[in-house]
Structures are given as structure tokens and as C-alpha cells.
Amino acid sequence: PYKVAVVRDLLLSINPQIKVECLVGNILQKEVRDALASVDLILCCTDTNHSRTAVGELAYRYLIPTIDVGVAFEAKAGFVTGEIGRITFYSPGSPCAYCLGAVDSWKASVELMSEDEKALRKAQAADASARGNAPNGYWKEVPELPTVGHFTTLAGSLIASYAIGWLTGKFKAPHCSIEFNILAPGFGYVGFDPPARPECT
């Protein structure tokens with residue numbers, strides 16, 4: 001089953017009176033974007049660069065408060081060295097995902113490529129290397145470390161708490177951008193409120 005169906009069933013088991021509307025799709029699809037454009041708050045829990053960028057844009061274009069959460073693992077010599085979480089609040093006037101360096105344009109492009117385009121670009125990169133040219137204009141590999149459910153659950157719980165505070169007006173996060181590493185002393189906590197970059201599109 002889709003995740004949204006699992007969550008719907010859980011919510012209805014807790015309170016059969018609530019209304020749950022499930023959508024299965026991509027943020028780039030018109031019907032998904034239009035549905036999100038009418039909500040009061042977006043919690044962005046995506047794994048992809050293109051969807052994180054698109055959801056952030058909704059915060060600016062439609063004035064929808066958005067809380068974004070992302071996690072990443074770092075590893076060295078076969079051992080996990082970091083479990084890093086990032087929470088960002090997007091709203092008009094605050095920095096976007098590109099301002100904060102939270103997205104990678106190349107990764108977003110690869111996510112949207114068909115398998116045929118990936119194969120073509122890899123072949124073009126091989127041809128460039130054979131000619132003695134740099135292949136990166138055609139293709140470069142995107143290394144990925146899998147995330148694990150326990151950590152995504154922890155990060156999701158944090159933004160659920162911040163969402164309650166934002167919606168009720170009773171409390172708020174101390175910074176618009178928060179990073180932490182649960183394997184670092186003091187959880188490696190860093191909170192900051194950077195301005196939007198004036199040159200960012």
C-alpha cells in the first residue's frame with residue numbers, strides 16, 4: 001500500500017470523524033501542486049531535490065508556511081560517522097533551499113531524467129573521457145547513502161511539534177534553520193537565521 005493510505009488508516013483508527021484526503025503523485029503534477037496550494041501548512045518530508053525545491057517555491061508563490069525536514073548519513077571505512085538532520089522554515093522573505101545550499105541542481109536533474117537519457121549521458125561522458133575531455137558536463141555519479149527509519153521518524157516528530165506551535169501560535173522554533181548530528185557531542189546542534197541571498201533567483 002502507499003504510505004498515504006497507511007497513514008490515513010492509522011488516523012481514522014484514532015479518530016473516525018476526521019477528514020483525510022490522500023494524493024499519490026509528484027509535486028510537479030498540476031493536480032498535486034493545486035491541492036497543496038490550498039492548505040494552511042506544508043510539512044515537507046521528501047527525499048528528492050526537485051520536490052524540495054518545488055515545495056519551497058509554494059511557500060513563496062502562494063504564501064504557504066512550510067517546514068522542511070531532511071536527513072542524511074555520513075560514513076567512512078564502513079562505519080556510520082554522522083546522522084544529520086536539518087529543519088528549515090520557508091516563508092516569504094526567508095532564504096530558499098538554494099540560498100541555504102539544501103539542494104543540488106545536478107541531483108535534481110538526474111531525478112527527473114528518463115532511463116534513456118541517463119544512458120545517453122553516460123555514453124556521452126565515456127566518449128568525452130576517450131577524447132581526453134572532462135566527462136562531468138555529460139554525467140557524474142551521485143553517491144547515495146540510505147537513510148534508516150528510526151532517524152527519519154525522529155526528525156519527523158520534531159517538525160510535528162514545531163507545526164503544532166506554528167499553527168497554534170503558542171511557541172516557535174528558536175531559528176529558521178536548524179541542523180543537528182545525533183552522533184556528535186551535544187548533538188552537533190547549530191541554529192541560524194541567514195538572510196536570503198539577493199542574487200538568488
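See above for the structure.
These numbers were taken from a predicted model, which means no experiment stands behind them. (Residues numbered from 1 in each chain as written. Predicted model: local features only at pLDDT ≥ 70, side-chain atom pairs only at ≥ 80, totals over all residues. Heavy atoms only, no water.)

A. Main features of unusual backbone geometry. A positive phi angle, near 55°, is found at Ala77, a position not held by glycine. For Ala77, the position within the fold is in the loop between β2 (66-76) and β3 (79-90). On the accessibility criterion, Ala77 (72% relative accessible area) is exposed. Although it is not a glycine, Phe187 sits at a positive phi angle of roughly 60°. By secondary structure assignment, the location of Phe187 is in the loop between β4 (177-181) and β5 (190-192). For Phe187, a relative accessible area of 52% puts it in the exposed group. (Helix = DSSP H or I, 4+ residues; strand = E, 2+ residues; numbered from the N terminus. Buried < 20%, exposed > 50% of the residue type's maximum accessible area, 1.4 Å probe, protein only.)

B. Fine view of the packing of aromatic side chains. A full pass over the atoms with the stated rule returns 6 aromatic pairs. Taken together, a centroid distance of 5.7 Å and an interplanar angle of 65° make the contact between Phe89 and Tyr162 edge-to-face. You can see Phe89 sitting in strand β3 and its partner Tyr162 sitting in helix α6 (residues 149-168), a full 73 residues away along the chain. Taking the centre distance of 5.6 Å and the plane angle of 75° together, the rings of Trp106 and Trp139 count as edge-to-face. Within this pair, whereas Trp106 is found in helix α4 (residues 105-112), its partner Trp139 is found in the loop between α5 (115-130) and α6, the two being separated by 33 residues in sequence. A single burial state applies to Trp106 and to Trp139, both of which are buried. (Phe/Tyr/Trp six-rings, centres within 6.5 Å; stacked < 30°, edge-to-face > 60°.)

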